[in-house]
Amino acid sequence: MKILAIETSCDDTSIAILDIKKHRLEILSNIVSSQAKLHAKYGGVFPSLAKREHQKNLPLVLKKALQEARSASRRTKIDAIAVTIGPGLEPCLWTGINFAKELAEKLKKPLIPVNHIEAHILANFVGGNSKLQITNSKKIFPAVCLVVSGGHTQLILMKNFGKYEILGETRDDAAGECFDKVARILGLGYPGGPVIAAEAAKYNIQHTKYRIRLPRPMINTKDYDFSFSGLKTAVLYLVKNMTSKKRLNKKEIQEICFETQQAIIDVLIRKTLKAAKNHKAKSIILGGGVAANKELRKQFKEKVSKEIPYSKLYIPNSKFCTDNAVMAAISASFHFKKKKTPKENLRFPTGQGWKKIVADANLRIDGKIL
Ligand code: KG4
Ligand code: ZN
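Bear in mind the structure is a predicted one, so any value in this text is a computation, not a measurement.

## As for the pairing of strand β8 (residues 163–169)
Then comes step 1: With six bridges connecting them, strand β7 (residues 153–160) and β8 associate as antiparallel partners. If you follow Leu155 over to β8, its bridge partner there is Gly168.
Then comes step 2: Counted between consecutive antiparallel strands, the loop separating β7 from β8 contains two residues, among which Gly162 sits at a positive phi close to 85 degrees.

What follows is the structure, encoded as structure tokens:
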């Protein structure tokens, strides 16, 4: 079946068209229009501005996605429309939902609601070497999933497709938000993750006197929760102290970035591995924008193979870690096939269920989608 998916939960306008077969999927198009430059001056996403941009971008992104799909496949008849309904920024979610409803009505096709967190997890089905296989469910579950993005940091126990239990989550800022806020403190721009990673990579710990030490919040607590706002505040005070007499030099900026990144990595790995050990996880699944971080990926691989070699680590290709509509299409295909979504929701526009498809900024992965 061919699914056209729409993702507008934050500041990326994305539409993808996938041809999903039983054991194989083909990406016919994947257009992501990033608004990062626009939000850079605010150091974070400005919701009303993001909504306006989505409204402007959606028709253009749709046109491109259809064109690309047509050149990839002779037959691009769409069988269903998928749309992210939450969690995310409410005005942005609504823009995508309204656009999806109009399109579904026009094409007389079913509309499938998508949970953004589940989509980040299922991005691991896109392909590559460590491709997750639907047929391998006995080897995959139970899985411990770490979703780390700009809006979320959650540890989730995945018992099967569609069966989730939230083990822990951040009590304040998300890991990505911490990267973004520290980048703002250092005047490095938005999004913070990639710039901090680039600065940290220039810092050579072996050849430099290493002085800065930042806290690893909640690293030793018994639960699976996180807290990153204290880390950001620690950086703020550190920078205030260091800049009382002079501006930060390049090396100092690199060192702060290195230590911030390492503090986040240390906490994420420690808690994820603890959850995986305690739940005898057959696999560890990462997802979300922060999972694109090279050091995080490298250190996760090292630690998992050393400490719990019986557990297989899955990380999506970097471009499918950050927001994209491919993962939304994959997620929709699971629900469509397994008929997890009530049938009437899928019969658009004759069924009435589609009316219940509304934005839910705080949608939980352990609850019902509708
Ligand atoms: O998943 P995502 O694209 O959007 C949300 O659902 O929030 O994640 C965006 C977040 C931002 O906070 C961004 O700074 C972070 O992911 N990010 C990274 C990297 N690339 C993006 N963080 C660390 N290292 C990266 N390479
Ligand atoms: Zn996301």
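## Overview of the site of ligand 1
Then comes step 1: As a structural note, the neighbourhood of ligand 1 is formed by 20 residues, with Gly150, Asp180, Gly193, Asn293 and Asp323 the closest of them.
Then comes step 2: Take Gly151: an N or O atom from its main chain is 3.3 Å from an oxygen atom of ligand 1.
Then comes step 3: Between ligand 1 and Gly176 there is a distance of 3.1 Å, counted from an oxygen atom to a backbone nitrogen or oxygen.
Then comes step 4: Contact with the protein chains hides 90% of the accessible area of ligand 1, taken as 550 Å² for the molecule alone.
Then comes step 5: Mapped onto the shell around ligand 1, the elements with two or more residues apiece are α4 (116–122), α6 (175–185) and α7 (192–202).
Then comes step 6: Here the shell around ligand 1 is built from residues that sort into six nonpolar, 12 polar and two charged.
Then comes step 7: Taken together, domain 1 (2–128 + 321–356) and domain 2 (134–315) each give at least three residues to the shell around ligand 1, which thus spans both.

## Some remarks on the domain arrangement of the protein chain
Many structure descriptions define interface size as the accessible area lost when the parts assemble.
Then comes step 1: When its domains are assigned, the protein chain resolves into domain 1 (2–128 + 321–356) and domain 2 (134–315).
Then comes step 2: With centres defined by C-alpha atoms, the gap from domain 1 to domain 2 works out at 27 Å.
Then comes step 3: Listed per partner, the contact involves 24 residues of domain 1 and 26 residues of domain 2.
Then comes step 4: Between domain 1 and domain 2 the total buried area reaches about 1900 Å² when both faces are included, carbon and sulfur atoms providing 70% of it.
Then comes step 5: Per-residue buried area on domain 1 facing domain 2 is highest for Ile121, Asn124 and Cys321; these three make up 29% of the total on that side.
Then comes step 6: Across the contact surface, domain 1 and domain 2 share zero salt bridges.
Then comes step 7: Those elements that provide at least two residues to the side of domain 1 that touches domain 2 are α1 (36–39), α4 and α11 (325–338).

## What to know about the sheet that holds strand β4 (residues 80–86)
Then comes step 1: With mixed pairing, the five strands of this open sheet are ordered in space as β3-β2-β1-β4-β5. The open sheet has two free edges, formed respectively by β3 (25–34) and β5 (111–115), since each of these has just one partner strand. Neighbour-to-neighbour, the strand axes of the sheet open up by a mean angle of 20 degrees, direction not taken into account.
Then comes step 2: Pairing between strand β1 (residues 2–7) and strand β2 (residues 12–20): six bridges, direction antiparallel. Looking across to β2, one finds that Ala5 is bridged to Ala16.
Then comes step 3: Packing against the sheet, helix α3 (residues 90–107) makes contact with β1, β2, β4 and β5, and its axis sits at approximately 160 degrees to β4.

## As for α7
Then comes step 1: Taken residue by residue, α7 has Gly192, Gly193, Ile196, Glu199 and Ala200 as its buried positions. The arc that holds every buried residue of α7, seen down its axis, measures 135 degrees, which confines them to one face. Along α7, exposed side chains directed more than 90 degrees from the buried face belong to Pro194 and Ala201.

## Some points on the sheet that holds strand β9 (residues 283–287)
Then comes step 1: With mixed pairing, the five strands of this open sheet are ordered in space as β8-β7-β6-β9-β10. This sheet does not close on itself; its edge strands, each paired only once, are β8 and β10 (312–314). Along the sheet, successive strands turn relative to each other by an average axial angle of 20 degrees, direction set aside.
Then comes step 2: As defined by bridge partners, strand β6 (residues 143–148) adjoins β9 across five bridges and the pair is classed as parallel. Along β9, the bridge assignment pairs Val144 with Ile284.

## Let's talk about unusual backbone geometry
Then comes step 1: For the peptide bond that leads from Gly86 to Pro87, omega is -5 degrees, which places it in the cis range.
Then comes step 2: You can see Pro87 is positioned in the loop between β4 and α3.
Then comes step 3: Of note in the backbone geometry, Lys280 takes a positive phi value of approximately 45 degrees without being a glycine.
Then comes step 4: Positionally, Lys280 belongs in the loop between α9 (250–278) and β9.

## As for α9
The periodicity of an α-helix, 3.6 residues per turn, causes residues three or four positions apart to be oriented the same way.
Then comes step 1: Over its 29 residues, α9 extends 42 Å from the first C-alpha to the last, a length consistent with the 42 Å expected when each residue adds 1.5 Å.
Then comes step 2: Burial of α9 is extensive: 22 of the 29 residues sit out of reach of the surface.
Then comes step 3: Of the residues that open α9, the one with a side-chain oxygen 3.1 Å from the backbone nitrogen of Lys251 is Asn249.

## What to know about the environment of Ala5
Then comes step 1: As for its placement among the helices and strands, Ala5 is situated in strand β1.
Then comes step 2: Residues Ala5 and Ile81, 76 residues apart in the sequence, show an inter-C-alpha distance of 5.7 Å.
Then comes step 3: Ignoring anything within four residues of it in the chain, the contact list for Ala5 reads Ser14, Ile15, Ala16, Ala82, Ala325, Ala328 and Ala329.

About the criteria used
- Residues numbered from 1 in each chain as written.
- Chains lettered and ligands numbered in written order.
- Predicted model: local features only at pLDDT ≥ 70, side-chain atom pairs only at ≥ 80, totals over all residues.
- Heavy atoms only, no water.
- Pairing = 2+ DSSP bridges.
- Helix = DSSP H or I, 4+ residues; strand = E, 2+ residues; numbered from the N terminus.
- Near = heavy atom within 4 Å.
- Polar contact = N/O pair within 3.5 Å; in protein donor to acceptor, adjacent residues only side chain to side chain.
- Areas by Shrake-Rupley, 256 points an atom, 1.4 Å probe, with all protein chains shown as cover.
- Nonpolar A, V, L, I, M, F, W, Y, C, P; charged D, E, K, R; others polar.
- Domains from an automatic or database assignment.
- Contact = heavy atoms within 4.5 Å.
- Buried area = accessible area lost by both parts, 1.4 Å probe.
- Salt bridge = Lys/Arg side-chain N within 4 Å of Asp/Glu carboxyl O.
- Axes fitted to C-alpha atoms, helices over the stretch in contact; angles between N-to-C directions.
- Buried < 20%, exposed > 50% of the residue type's maximum accessible area, 1.4 Å probe, protein only.
- Arc of directions from axis to C-beta.
- Expected span 1.5 Å × (residues − 1).

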